[in-house]
Amino acid sequence: MSDSSFATAYTIQDVQQALASLNGKALVFVDVDDTLITPASHLFRHSSPYRSLIDDLKASIATTANFETILSQWRLNRKSILVNDAWPSLINTLKKSYATYALTKMETGSLGDIPSMEQWRYGELMEKGISFTPTFLGEEDIVFMTDDAQPFPPTFYKGIFMTGSYHKGDVFRLLSGATDAPPAVALIDDRPAYLEDMRDACRHTATPFLGILFKGVELIPGAPDPKTAAFQKQQLLENGRWFEDDEVNLA
Ligand SMILES: [Mg+2]
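Quick caveat: nothing in here was measured; it's all calculated off a predicted structure.

The coordination sphere of the magnesium ion contains the protein donors Asp31 (OD), Asp33 (O) and Asp190 (OD), at a distance range of 2.1 to 2.2 Å. Sequence positions of the donors to the magnesium ion reduce to the motif D-x1-D-x156-D. Highlighted residues: Asp33 in the loop between strand E2 (27-30) and strand E3 (37-39) and Asp190 in the loop between strand E9 (185-189) and helix H7 (192-204), separated in sequence by 157 residues. A relative accessible area of 29% means that Asp33 is categorised as partly exposed.

So, in structure tokens, the structure goes:
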């Protein structure tokens, strides 16, 4: 199905309008990367030919030595910015009306040089002034049991659901098995495939689903300098070191 089955939002006002009809007991999920925050470096701007660097790295997990160290060093050292400065106040507003959680597709537990992905992600969102409904079923720290042998289980930590090796729809299946079905689910995400996945999971339990495709990153100006970006890519992949744009000196 095309994007047309979802609402499209570029601004916080667009998001508010899309959510306006939502039932008060609905669950609201918000994606993190490229929805709430995005890397500061111009290498990752929407129009950049290099912007898939981290996705490409993840796809080469089997062939990249020190994959986990490289990925964790990037995460620990890359600076990030809010995709829209009004996100923190919108999340605070949403929390008053709905159970509002982050839902992020990411490895869980320890990864490379990061001892807890959950605590790292929680800390970086707190630094940006973003915090979610802190508990799920009265708990603030959950590792979900799964019956297959994927390396990373889904987790919940202080308002943030992480998929681990699973999909966003799988997380909804797990939590809808643990609690009464919510009257509706909303997901705000920059990736149509993740909205489709959640829509399909909701359809399975006949839960009304509101998907909002958030394209705020397209409004962020800037483009990478090709020589700087090539250097950043090389240093990351070969040496596991990340340099911000203003730390690259090619002279
Ligand atoms: Mg995203």
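This brings us to the environment of Trp242. The topology assignment puts Trp242 in the segment after helix H8 (226-239). Spatially, the C-alpha atom of Trp242 lies 8.9 Å from that of Ile70, the residues being 172 residues apart in sequence. Residues contacting Trp242, with those up to four places away along its chain left out, are Ser41, Leu43, Phe44, Trp74, Asn77, Arg78, Gln232, Leu236 and Glu247.

One can find Leu250 in the segment after H8. Sequence spacing of Leu250 and Leu213 is 37 residues, and the spatial spacing of their C-alpha atoms is 38 Å.

Excluding glycine, most residues fall at negative phi; most peptide bonds, likewise, are trans. Phi is positive for Asp34, which is not a glycine, with a value near 65°. Checked against the element boundaries, Asp34 lands in the loop between E2 and E3. The buried category is assigned to Asp34, whose relative accessible area is 15%.

With that settled, the discussion passes to the environment of Glu247. Checked against the element boundaries, Glu247 lands in the segment after H8. On the basis of relative accessibility, which here comes to 42%, the residue Glu247 falls in the partly exposed class. Linking Glu247 and Gly123, residues 124 residues apart in sequence, is a C-alpha distance of 24 Å. Contacts of Glu247, omitting those with residues within four sequence positions, involve Lys79 and Trp242.

What follows deals with helix H5 (residues 117-127). What H5 keeps buried is the set Met117, Glu118, Trp120, Arg121, Glu124 and Leu125. Around the axis of H5, the buried residues are gathered within 165° of arc, so they sit on the same side. Gly129, located one to two residues past H5, shows a positive phi value of around 85°.

Before going further, it helps to examine the sheet that holds strand E8 (residues 160-162). The strand order across the open sheet formed by eight strands is E1-E10-E9-E2-E5-E8-E7-E6, and the pairing between neighbours is mixed. Pairing within the sheet leaves two strands with one partner each, and these edge strands are strand E1 (7-9) and strand E6 (141-143). Averaged over all adjacent pairs, the angle separating strand axes in this sheet is 20°, with direction ignored. For E2 and strand E5 (residues 99-104), the ladder comprises four bridges, and the chain directions are parallel. Bridge pairing links Val28 to Thr100 in E5. Helix H1 (residues 12-19) contacts E1, E9 and strand E10 (209-214) of the sheet and is inclined by roughly 170° relative to E10. The sheet contacts of H7 involve E2, E5, E9 and E10, and relative to E10 the element is tilted by about 175°.

The next subject is H8. Relative to the 20 Å expected for 14 residues at 1.5 Å per residue, H8 spans 19 Å between its end C-alpha atoms, a close match to the ideal helical length. Along H8, the positions that sit buried rather than exposed are Thr228, Ala229, Gln232, Gln235 and Leu236. Along the long axis of H8, the arc covered by the buried residues comes to 130°, so they all point the same way. Relative to its buried face, H8 has exposed residues pointing more than 90 degrees away, namely Pro226, Lys227 and Glu238. Once H8 finishes, Gly240 follows within two positions and takes phi at roughly 65°, a positive value.

Calculation rules
Residues numbered from 1 in each chain as written. Predicted model: local features only at pLDDT ≥ 70, side-chain atom pairs only at ≥ 80, totals over all residues. Heavy atoms only, no water. Donors = N, O, S within 2.8 Å, 3.2 Å for Na, K, Ca; no water. Helix = DSSP H or I, 4+ residues; strand = E, 2+ residues; numbered from the N terminus. Buried < 20%, exposed > 50% of the residue type's maximum accessible area, 1.4 Å probe, protein only. Contact = heavy atoms within 4.5 Å. Arc of directions from axis to C-beta. Pairing = 2+ DSSP bridges. Axes fitted to C-alpha atoms, helices over the stretch in contact; angles between N-to-C directions. Expected span 1.5 Å × (residues − 1).

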